[in-house]
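# Structural description and commentary
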Amino acid sequence: MTLPGWSAWAYSAKTAFAALLALWVSLFVGLPMPFWAMSTAYIVSSPLSGATRSKAIYRVIGTGGGATVAVALVPMLVEWPELLSLALALWVGITLAISLLDRSPRAYMLMLAGYTAAIIAFPAVDRPEAVFDIATARVTEIVLGITCATLSHSLLWPKSVATALEPRLKRWLTDARGWYDDILAGAHPTTSLRDRQQLAVDAVECTLLATHIPFDTSHWREATASVQALLRRVLLLLPVLSGMADRRRAIGDGDDEWNDLLRESYELRRRQAGVLLDECDALLHHLGHPQSPSPLSDQEQKGTIELHADPMSALIAGVAATLTILVVCAIWILSGWHDGASAAALAGVFCCLFAAMDNPVPAILNFGVATLSAMPLAGLYLFYILPQIDGFLPLVLVLSPALLLFGSLLPSPRYGLFSLALMMGFCSTLALQETYTADFAHFLNTNLAQFVAMVVAAGMTAGLTTISKDVAIARLNARMRRDLVSLARASSPPDALAALGRSTDQLALITQRLGADTDMATAGLSDIRIAMNIVQIQHLRSHATPALAAALEHMLRLGTAHWSNKRDTPPPPELLEAIDIALRLTQSQPLPQLATSATLITEPEQGRAALVALRRNLFPHAPAFRAGGYA
């Protein structure tokens, strides 16, 4: 383990300052739970100022929504603890399931609304008349912690999202241009297929990182449209370059009709790739030099990049969270355990935080162990150090070493989550208030509640939501095929950007789980190209002659039947014949022209090139196409 660098120590100092400032204000105004504000400062902080701001806004909204639900449910159902437990468990499960359908940082808002209601409502069961005061205190203290963290990370050595996103985009475009040059030269590729798969992962990560740009501290915040335009081109480059490489390999030496069509398709992809790369360079230059004219044209299409969502996995995760909370509530009610309320609330938190993982159990256990690891240090402070000090300044002096040391690990990809859990456990176990109080029995019960919540959450999750890597990949592949079916069945031309975003994201998720499985990687790249081919063909169909439209509809019906089968099912010969019939009917059309911007890939004139590409993707070893049919 390497020692933290100066940037990690600077981040730790900023976060510790925010936490201590939130603690001081809470104590000064007499808020009942100052440690909530202190913990929140750590939870919402991020090394990037824009990410801190966006998390702050989503957390304020989510906390307010959860508090409102708690205030509504507790007085209504306090006389029926079983019904109250069921209502809160269902609320957490439903909000979790819905949040998992959105893989952007916005999902945090709804997830937080779920478990915040549990955190407020369960401890208020014994004193329902105080639920409004508890909710108000939690919202106030969390908003205070958020405000302090936002101010600290925005004013003290701010690090913008742009400083992280810009070099990643430059590296991505350098790799993409290297691939483009390799294809043009016809040389042996200098990068492996695994590296080209990684382009999909990096593109999606840049897309997710860019969601924080509207909250950034840099001038990129005013150029959000340029950032989104750049990301659209980045996503489009992957199928365009892989299609260009496929056509280059397929072109033979002859001058028959099939080679002419392959050259036509290759030339279109070559021009598209060149224009896309040039546009990306121009957009990056504009982002770096905002005084330069914007390269965006009036015809630039606006649209939101959609990412993959798995409704079945989201539903199962929601059910698991609901059942976990109900099991802990049963233990609490049947045993009469006074601190069972805390265990029920924490069980919901554990289930929510890691629900997006294929196997959340190790993360739940590691997080739970980290929070419990703070117990000895918190006990040392609570029963030995704190009784000997008086005043806020001495409190700052004794807390600072621990806060700075553990906070320096927060930016670390390897130790960051463990350090965050340790800090949360330390702050909540200390439970600092205006006057010193220390109850050893309560101290033990609080940690026992964390242990029970961790064990039950891990056990229920292991039985209901944990899936293997192979199952996760199979689900993603099945979802990709269903998306192809939906595109082929569409009655009107589909949204190209939405289809491209989902298919690229699915390939990225598969790549992250694959290892070195190049066969499946090749299939994933092919599916992205097929998705874009279908979109282009649908646009061609909407402008085609009756004969061509009928041929395309027949071809898409056969394609729908094929993509409804398993991946290893070979496409039927009838589909090849249908593609060739449609190709023959396009022979009289003019050569495809590149639109004003390469992102406008849905021009009907590009439909023939899409048919050639579809034939290559589905039947790479089929006999050459002949305009007059086969003898």
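Because the structure is a prediction, the values reported are computed rather than measured.

Looking only at helices and strands, the chain features 22 helices and zero strands. Here the C-alpha radius of gyration of the chain, 28 Å, is about what a compact globule of 631 residues would show, namely 25 Å. With the C-alpha coordinates of the chain rotated into their principal frame, the extents come out at 95 × 55 × 40 Å. Burial analysis of the chain (631 residues in total) assigns 53% to the buried set. Counting contacts in the chain only where the partners sit at least 6 residues apart, residues at least 24 apart contribute 79% of the total. As displayed, the chain offers around 26600 Å² of accessible surface, 63% of which is attributable to carbon and sulfur atoms.

Attention now moves to the packing of helix H11 (residues 311-335) against helix H12 (residues 340-353). Put simply, H11 and H12 touch, their axes get as near as 9 Å, and they point 165 degrees apart. Taken together, the axes of H11 and H12 lie roughly antiparallel to each other. Both H11 and H12 take part in a crossing whose hand is right-handed. Here Ala321, Thr324, Ile325, Val328, Cys329 and Trp332 of H11 lie close against H12, whose contacting residues are Gly340, Ala341, Ala343, Ala344, Ala347, Gly348 and Cys351. Class assignment of the residues belonging to the contact of H11 with H12 gives a composition of ten nonpolar, three polar and no charged.

A separate point is the environment of Gly348. By secondary structure assignment, the location of Gly348 is in helix H12. For Gly348 and Met454, which are 106 residues apart along the polypeptide, the C-alpha to C-alpha distance reads 9.8 Å. The contacts of Gly348, once residues within four sequence positions are left out, are Tyr115 and Ile325.

A general trend in soluble globular proteins is that nonpolar side chains are found buried together. Core analysis: the biggest nonpolar cluster contains 88 residues, and Leu165, Leu169, Leu241, Met555 and Trp563 have the highest contact counts within it. When residues in this core are grouped by element, the largest group, 13 residues, is from helix H9 (residues 224-250). The contacts of Leu169, once residues within four sequence positions are left out, are Cys206, Trp220, Leu230, Leu231, Val234 and Leu284. In this structure, Ala67, Ala321, Ala345 and Ala457 belong to the second largest nonpolar core, which totals 65 residues.

On to the pattern of salt bridges, then. One pass over the full model with this rule turns up 16 salt bridges. A salt bridge links Glu279 to Arg233, with the shortest nitrogen-to-oxygen separation between them at 2.7 Å. Here Glu279, found in helix H10 (residues 257-288), pairs with Arg233, found in helix H9; they are 46 residues apart in sequence, far enough to count as distant. Summarising the burial analysis for this pair, Glu279 and Arg233 share the class buried. Between Glu267 and Arg270 there is a salt bridge, with the nearest N and O atoms lying 2.4 Å from each other. Residue Glu267 and its partner Arg270 are both found in helix H10; the two are separated by three residues, about one turn of the helix. Judged by its relative accessible area of 29%, Glu267 falls in the partly exposed class. In the salt-bridge network here, residues are joined through shared partners; they are Asp246, Arg247, Arg249 and Arg616.

What counts and what doesn't
- Residues numbered from 1 in each chain as written.
- Predicted model: local features only at pLDDT ≥ 70, side-chain atom pairs only at ≥ 80, totals over all residues.
- Heavy atoms only, no water.
- Helix = DSSP H or I, 4+ residues; strand = E, 2+ residues; numbered from the N terminus.
- Rg over C-alpha atoms; globule rule 2.2 N^0.38 Å.
- Buried < 20%, exposed > 50% of the residue type's maximum accessible area, 1.4 Å probe, protein only.
- Contact = heavy atoms within 4.5 Å.
- Areas by Shrake-Rupley, 256 points an atom, 1.4 Å probe, with all protein chains shown as cover.
- Axes fitted to C-alpha atoms, helices over the stretch in contact; angles between N-to-C directions.
- Parallel < 35°, antiparallel > 145°, perpendicular 65-115°, else oblique.
- Left-handed = near helix turned anticlockwise from the far one by under 90°.
- Nonpolar A, V, L, I, M, F, W, Y, C, P; charged D, E, K, R; others polar.
- Core = buried A, V, L, I, M, F, W, Y, C linked by side-chain atoms within 4.5 Å.
- Salt bridge = Lys/Arg side-chain N within 4 Å of Asp/Glu carboxyl O.

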